[in-house]
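Spelled out from the first residue to the last, the chains are:
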Amino acid sequence: MEMLLGFIVLLACLIVGVRHGGLGLAVISGFGLVIYTFGFGYQPGKPPVDVMLIILAVVTCAGFLQTSGGLTVMLKYAEKFLRNNPKHVTILAPLTTWFLTVLCGTGHVVYTMFPIIYDIAIKQGIRPERPMAVSSVASQMGICASPVSVAVVSMVAFLSASGHEFTVFQVLSVSIPATGLGVLFAALWSYRRGKDLEQDERFQEFIRDPENKKYVYGDAETLLDKELPTEYYRAMFIFFAGIIAIAVLGNFPELLPKFAPSPDAAPKAISMVVVIQMVMLLVGAVILVSCKVKAKDVGNSQVFRSGVVALVSVYGVAWMADTYFMNHIGFLKEFLGSAVQSYPWAYAVLAFLTSKLVNSQGAAIAIVVPMAINVGMDPILVLSFISACYGYFFLPTYPSDLACIGFDRSGTTRIGKYILNHSFMIPGLIGVTSGCCVGYVIAHLIF
């Protein structure tokens, strides 16, 4: 009974916290911590300090990238690519938003792409819902395939902390093809979704009004006619160099310096968790001194603000979850351990539902990965189902999905009468399910 009451407290804190946003989720976790410690007599768990530090370094670097204009250059190239291939926008747009997220570590880059995708689709007579909805899903699926995302660095840090030394490169060798193919399958399904515009009675009725037609077919802003400063390009290449450095050092540990933890111990290579922090801070520093960036402006960038919210959210949620699960670890090992061995998909379902509860892949990983490792789950299985950490499309409340609906001036991307029949549901389910299947196969082939 005590364990059930404790779980209800955990669930209640998650539900209430999500209603108040990312920072709200973090501080509401304080209720759970106090109730567990002073009410249930649980020994407090440990905040994931290493994970928090690596997240802080990554989001700081990403903030410098956006403030320096390096992100703008990436978006300009993405727009040029799509406008050169307009007839295939339903396939190419989601692959583009996925790739941008892989490069930048955040799905927030998609906001700038929505009006471009819409403009291309409507001018080609393509139902805008087809490329736009799956592009929103793709931008979030790319998070688990980015070497500089909160989700991936958290996964690496939690696995390393538990004694399973998976490198960033090894995680990406599974997550990149898994999420990438998941996006491709969802895009292929979207190619013929919904009625063509000329056969859509609702759309045709809407554009009979000349003002509405002008609104629907009006031009969108473009980056193609804008001359960008040299510093913007320099910042982008510096950032790419940092990503390449992390990939090389992670794949060739013999390049890492070695230190003896004690006079009598053998030298041991420093952890990649520390290396990632160093490289990200170095990249930010190089951008600062060579690209005319004002450091005070970084704190106001959208990427930095979103990253800090994710950082604090992981702090509160992970600490509360660790306190609860570690005080029942004996039972969980016996019950969940056998359940996961018999039904490995149970972990994927748990990760999916947790992601929806907390509206964050990083926070979901902070909850479910340590628990799964502690109950004896094979880390290869944990890695196989990394795509399942994206489940917050299930209800259309996430900012990128709402923005996608707003940018679709044709009204074809929408929330249905029954809420769950919204434009993102089927692409999301196809992407996550196929991503898990591909990830399972690839992980077991590699490891």
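These lines cover the structure that appears in this document, whether it is placed above or below. (Residues numbered from 1 in each chain as written. Predicted model: local features only at pLDDT ≥ 70, side-chain atom pairs only at ≥ 80, totals over all residues. Heavy atoms only, no water.)

Some details on the overall build of the protein chain
- Within the protein chain, the secondary structure is distributed over 21 helices and 2 strands.
- In terms of overall size, the protein chain behaves like a compact globule, its C-alpha atoms giving a radius of gyration of 22 Å where 447 residues would be expected to give roughly 22 Å.
- Every one of the 447 residues in the protein chain was classed for burial, and the buried ones make up 54%.
- Contacts spanning at least 24 positions in sequence make up 81% of the contacts within the protein chain whose residues lie at least 6 apart.
- Of the accessible surface of the protein chain, which amounts to about 19,500 Å², a share of 66% is contributed by carbon and sulfur atoms. (Helix = DSSP H or I, 4+ residues; strand = E, 2+ residues; numbered from the N terminus. Rg over C-alpha atoms; globule rule 2.2 N^0.38 Å. Buried < 20%, exposed > 50% of the residue type's maximum accessible area, 1.4 Å probe, protein only. Contact = heavy atoms within 4.5 Å. Areas by Shrake-Rupley, 256 points an atom, 1.4 Å probe, with all protein chains shown as cover.)

What to know about the nonpolar core
- If you look at the biggest cluster of nonpolar residues, it comprises 142 residues, and the most contacted ones within it are I55, M74, M280 and V369.
- Not counting residues within four places of it along the chain, the set of residues in contact with M74 comprises L65, L100, L103, C104, M236, F239 and F240. (Core = buried A, V, L, I, M, F, W, Y, C linked by side-chain atoms within 4.5 Å.)

As for the pattern of salt bridges
- In total, this model carries 11 salt bridges according to the counting rule given.
- E129 is the partner of R127 in a salt bridge, and the nearest nitrogen-oxygen pair spans 2.9 Å. Side by side, R127 and E129 carry an identical accessibility label, which is buried.
- Ionic pairing is found between D196 and R192, a salt bridge with its closest N-O pair at 3.5 Å.
- By sharing partners, the salt bridges in this structure join E79, R83, D119 and K123 into a single network. (Salt bridge = Lys/Arg side-chain N within 4 Å of Asp/Glu carboxyl O.)

A short note on unusual backbone geometry
- Positive phi is not limited to glycine here, since K292 has a value of about 55°.
- Looking at the element boundaries, K292 is found in the loop between α13 (272-290) and α14 (295-298).

Considerations on the packing of helix α7 (residues 129-141) against helix α20 (residues 399-407)
- Viewed as axis vectors pointing N to C, α7 and α20 meet at an angle of 155°, and their least axial separation amounts to 10 Å. Overall, the two elements α7 and α20 adopt an arrangement that is roughly antiparallel. Crossing hand, α7 versus α20: right-handed. On α20, the residues that touch M132, A133, S136 and Q140 of α7 are S400, D401, C404 and F407.
- For the contact of α7 with α20, a count of residues per class yields 4 nonpolar, 3 polar and 1 charged. (Axes fitted to C-alpha atoms, helices over the stretch in contact; angles between N-to-C directions. Parallel < 35°, antiparallel > 145°, perpendicular 65-115°, else oblique. Left-handed = near helix turned anticlockwise from the far one by under 90°. Nonpolar A, V, L, I, M, F, W, Y, C, P; charged D, E, K, R; others polar.)

A closer look at helix α15 (residues 302-326)
- Counted at 1.5 Å a residue, the expected span for α15 with its 25 residues is 36 Å, and the 35 Å between its end C-alpha atoms agrees.
- A side-chain oxygen of the first residue of α15 lies 3.3 Å from the backbone nitrogen of F304; this N-cap is S301. (Expected span 1.5 Å × (residues − 1). Polar contact = N/O pair within 3.5 Å; in protein donor to acceptor, adjacent residues only side chain to side chain.)

What to know about the side chain of S355
- In this fold, S355 is placed in helix α17 (residues 345-358).
- One polar contact links the side chain of S355 to the main-chain amide nitrogen of G391, over a distance of 3.0 Å.
- Dropping the residues within four chain positions of it, S355 is found in contact with S360, A364, C389, Y390, G391 and Y392.

Considerations on the environment of R83
- As for its placement among the helices and strands, R83 is situated in helix α4 (residues 70-83).
- The contacts of R83, once residues within four sequence positions are left out, are I116, D119, I120, E221, T222 and L224.
- In this structure the side chain of R83 is engaged in a polar contact, spanning 2.8 Å, whose partner is the side chain of E79.
- Here D119 takes part through its side chain, which lies 3.1 Å from a polar atom of the side chain of R83.

Thoughts on the side chain of D408
- With respect to the helices, strands and loops of the structure, D408 is situated in the loop between α20 and α21 (425-446).
- Salt bridges are absent for the buried D408, whose nearest opposite-charge side chain, R414, sits at 7.0 Å.
- Within the local environment of D408, its side chain forms a polar contact with the side chain of T412, the two groups lying 2.7 Å apart.
- There is a polar contact of 2.7 Å between the side chain of D408 and the side chain of T413. (Lys, Arg positive; Asp, Glu negative; His and termini not counted.)

Digging into the environment of L92
- Looking at the secondary structure, you find L92 in helix α5 (residues 89-104).
- Classification of L92 by relative accessible area gives buried; the value is 18%.
- Ignoring sequence-local partners within four residues, the contact set of L92 consists of F81, L82 and N85.

As for the packing of aromatic side chains
- Tallied over the entire structure, the rule returns 15 aromatic pairs.
- Between Y77 and Y233, the ring centres sit 6.4 Å apart and the planes meet at 75°, which makes this aromatic pair edge-to-face. Taken as a pair, Y77 in helix α4 and Y233 in helix α12 (residues 230-251) lie far apart in primary sequence, 156 residues in all.
- You can call Y77 partly exposed: its relative accessible area is 46%.
- Among the aromatic residues, ring-to-ring pairing joins F7, Y36, F40, Y42 and Y324 into one connected group.
- One residue, R409, lies across the ring of Y215, its end atom 5.7 Å from the ring centre. (Phe/Tyr/Trp six-rings, centres within 6.5 Å; stacked < 30°, edge-to-face > 60°. Lys NZ or Arg CZ within 6 Å of the ring centre and 35° of its normal.)

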